[in-house]
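# Summary of structural features
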Amino acid sequence: MAFQTTCPNCRGDLGSNSSFCGHCGANMTERNLENPLGALSKSQSPAGAAGVPMIEHHGKLDRIVFAAFRLGKSIAVVMTLLFFLVFLAAGVTLTLTTRSSFQTPQFEATHPNGVSATGELKTDTSGIRDRQDVERRWGDRLRKILENYSLDAKGYDILLSWTMAVPKDHREEFVSGMERFMTDGVAFAKSNNKQSDTSELIGKYNRMFTEALEAESGAKTEAQQTRLITLAVLGGSALLFFVFLIIPALLQIEKNTRTISA
């Protein structure tokens with residue numbers, strides 16, 4: 001009856017009368033069975049002689065590759081967080097730059113102390129259709145301003161030309177702001193026992209409103225440039241964010257593939 005034994009070196013199955021292991025080439029004499037490591041070291045088989053350095057070589061390579069994977073994952077995580085923060089900052093900046101900075105002039109910003117005469121302004125006769133539209137929508141309110149503050153009747157044409165010079169989306173603000181400005185200016189003069197110069201007051205409001213429009217135009221140009229730069233940063237950071245988000249997954253896939261191959 002045949003019996004099978006196990007090689008103490010590689011744990012492979014052996015016949016009962018085998019002198020050498022058919023798997024690793026180890027000598028299966030009685031002495032070497034007691035000391036299988038000695039049998040392997042004394043064996044002259046090429047496979048047995050080359051096995052140990054190959055294992056050591058693969059062990060060092062694995063440690064280097066694993067260290068590289070860990071470093072790559074750490075860098076990928078840091079870069080992912082960095083570009084995500086850049087993405088958020090760019091989004092906030094884009095939101096803030098889209099808001100309008102225009103503000104209607106308020107009388108509180110001026111405390112007129114002197115009295116001066118208003119220069120004559122020529123009536124703007126161009127744009128008859130635009131004039132008719134302005135007169136239809138705000139003519140009555142402009143006329144009441146002339147009546148309430150004892151301004152010259154010729155000033156009606158001046159007020160119309162001022163209103164027509166304002167961009168259409170700011171004309172309602174211009175007329176409403178003029179009414180508040182004049183009311184506050186006259187009330188301020190009365191509270192200080194002074195006679196207000198309404199012609200100077202209304203002229204100052206027009207100058208301040210024009211300056212506010214110019215400031216808004218400059219702010220819009222600057223905001224447009226900022227938005228373009230921000231959009232570029234936003235797109236770039238989003239792209240890099242997703243790239244570095246994929247890197248850990250690719251590293252893990254490569255690691256799993258290499259482990260399966262090994």
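All of the points below concern the structure found in this document.

### Describing the nonpolar core
- Core analysis: the biggest nonpolar cluster contains 29 residues, and Leu142, Ile145, Leu159, Phe174, Met178 and Ile202 have the highest contact counts within it.
- Among the secondary structure elements, those contributing two or more residues to this core are α4 (128-148), α5 (155-165), α6 (171-191) and α7 (198-261).
- The element that contributes the greatest number of residues to this core is α7, accounting for seven residues.
- What leucine 142 contacts, discounting residues up to four positions off in sequence, is Tyr156, Leu159, Leu160, Thr163, Val175 and Met178.

### Remarks on unusual backbone geometry
- Of note in this structure, serine 150 is not a glycine but carries a positive phi near 55 degrees.
- Here serine 150 shows up in the loop between α4 and α5.
- Residue class for serine 150 comes out exposed when judged on its relative accessible area of 66%.
- Despite not being glycine, asparagine 193 shows a phi value in the positive range, around 55 degrees.
- Mapping asparagine 193 onto the fold places it in the loop between α6 and α7.

Criteria and thresholds
- Residues numbered from 1 in each chain as written.
- Predicted model: local features only at pLDDT ≥ 70, side-chain atom pairs only at ≥ 80, totals over all residues.
- Heavy atoms only, no water.
- Core = buried A, V, L, I, M, F, W, Y, C linked by side-chain atoms within 4.5 Å.
- Buried < 20%, exposed > 50% of the residue type's maximum accessible area, 1.4 Å probe, protein only.
- Helix = DSSP H or I, 4+ residues; strand = E, 2+ residues; numbered from the N terminus.
- Contact = heavy atoms within 4.5 Å.

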